[in-house]
Amino acid sequence: MKIAPLFFVLLLIGCQKTKPTDAAPPIAEILENHETLPVTNDEKIIKTDTVAIYMDGTESPTDYILAHLVEQQADKDSIVSVKYRLDFYQNKAKTASSKIAIKGFEKGSEWTASYGLASENFKNSPFLQISVGYPACGYSHENYLYYLKNNSLQLVHQWNTLSDSGWGNWLEIINPEKNSEPKSFYCKTVAFVPDDENENQDMGILTYSDSIAFELKDNKWKKMLLSAKDKPYFEKKMTFDQFNTIE
């Protein structure tokens, strides 16, 4: 399946009611995959969180993640940076590990994990989404999309989200193939923020940016940025209620 043509067809369908911005025309750009830190098993573990993995909304009885805190430090502004080693267990057997670093970690943050790529939650999906952050409005959450198959693990994508009383930003993942193991998919960053220039405090601005296409090649996921980085390629003003009634 060809990524770019499919992406632009869906983009036109999804955006026909919006106004393009004056951002530069999209330019395809190959993106480097996120690099994880080297994993070692002899590190001193400060604490361990057991992270349940959900599939079809139900907690798996045999699959889970052990999130080991192996390093933490605070700078002069009391901003905490941490490193975690994630050990992945399937059928109660350890299958793979990954190490991540998080800056601005909040004490009391919680982990969540689920199988599946988009809104569909497939039981046999090799995709695993993990999120960690403080469970309250106004706090940023770190998100990770892993691909775990045949004990081989790849960090496919990483992003942050924030929700504050209905406002915020998040990632929308589209799986055109509608199955558990697509050969391609794409995502875009969605944001709905208050319109500070409007006297109506209920008025907001919906934007889409950073459209990325993913394709499986030689058992590794490759990705390509299809829009100008960090620049909305369309936007639409609407009230808070209008936004929340969009189907």
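Look a little higher up for the structure.
Anyway, here's the lowdown on the structure attached to this text. (Residues numbered from 1 in each chain as written. Predicted model: local features only at pLDDT ≥ 70, side-chain atom pairs only at ≥ 80, totals over all residues. Heavy atoms only, no water.)

By the element assignment, Leu-155 lies in strand S10 (residues 152–164). We classify Leu-155 as buried; its relative accessible area is 6%. Between the C-alpha atoms of Leu-155 and Ser-98, which are 57 residues apart in sequence, the distance is 8.4 Å. (Helix = DSSP H or I, 4+ residues; strand = E, 2+ residues; numbered from the N terminus. Buried < 20%, exposed > 50% of the residue type's maximum accessible area, 1.4 Å probe, protein only.)

Turning our eyes to something else, we now look at the packing of aromatic side chains. Counted by the stated rule, this structure contains 17 aromatic pairs. With centroids separated by 6.1 Å and ring planes inclined at 55°, the aromatic side chains of Trp-170 and Phe-243 adopt a geometry described as tilted. Highlighted residues: Trp-170 in strand S11 (residues 167–174) and Phe-243 in helix H2 (residues 240–244), separated in sequence by 73 residues. Given a relative accessible area of 15%, Phe-243 falls into the buried group. Every member of this aromatic cluster is reached through a ring pair, and the members are Phe-127, Tyr-147, Phe-185, Phe-214 and Trp-221. (Phe/Tyr/Trp six-rings, centres within 6.5 Å; stacked < 30°, edge-to-face > 60°.)

With that settled, the discussion passes to the nonpolar core. Core analysis: the largest hydrophobic core is formed by 24 residues, its most contacted members being Ile-65, Tyr-84, Leu-86, Phe-88, Trp-111, Ile-130 and Tyr-146. Only strand S3 (47–55), strand S4 (58–74), strand S5 (80–90), strand S6 (93–103), strand S7 (110–115), strand S8 (127–133), strand S9 (140–149) and S10 provide two or more residues apiece to this core. Per element, the largest residue contribution to this core is 4 residues, and it comes from S5. Counting residues in hydrophobic clusters, the runner-up holds 15 residues, among them Leu-117, Val-156, Ile-173 and Leu-216. (Core = buried A, V, L, I, M, F, W, Y, C linked by side-chain atoms within 4.5 Å.)

For the coordinates displayed, the defined rule picks out 9 salt bridges. Note that Asp-49 is salt-bridged to Lys-47, the shortest N-O span being 3.9 Å. For Lys-47, a relative accessible area of 40% gives the class partly exposed. Of the charged contacts in the structure, one is a salt bridge between Glu-181 and Lys-149, with a shortest N-O distance of 2.7 Å. Taken together, the residues span a long stretch of sequence, with Glu-181 in the loop between S11 and strand S12 (184–194) and Lys-149 in strand S9 at a distance of 32 residues. (Salt bridge = Lys/Arg side-chain N within 4 Å of Asp/Glu carboxyl O.)

A separate point is the environment of Ala-74. Mapping Ala-74 onto the fold places it in strand S4. On a C-alpha basis, the gap between Ala-74 and Phe-105 in space is 9.6 Å, while along the polypeptide they are 31 residues apart. Not counting residues within four places of it along the chain, the set of residues in contact with Ala-74 comprises Ile-79 and Val-80. (Contact = heavy atoms within 4.5 Å.)

This part takes up unusual backbone geometry. Of all residues except glycine, most have a negative phi; of all peptide bonds, most are trans. The residue Asp-56 is not glycine, and still its phi comes out positive at about 55°. The residue Asp-56 is located in the loop between S3 and S4 in this model. Here Asp-56 falls in the partly exposed class, since its relative accessible area comes to 41%. One non-glycine residue, Asp-230, lies in the positive phi region at around 65°.

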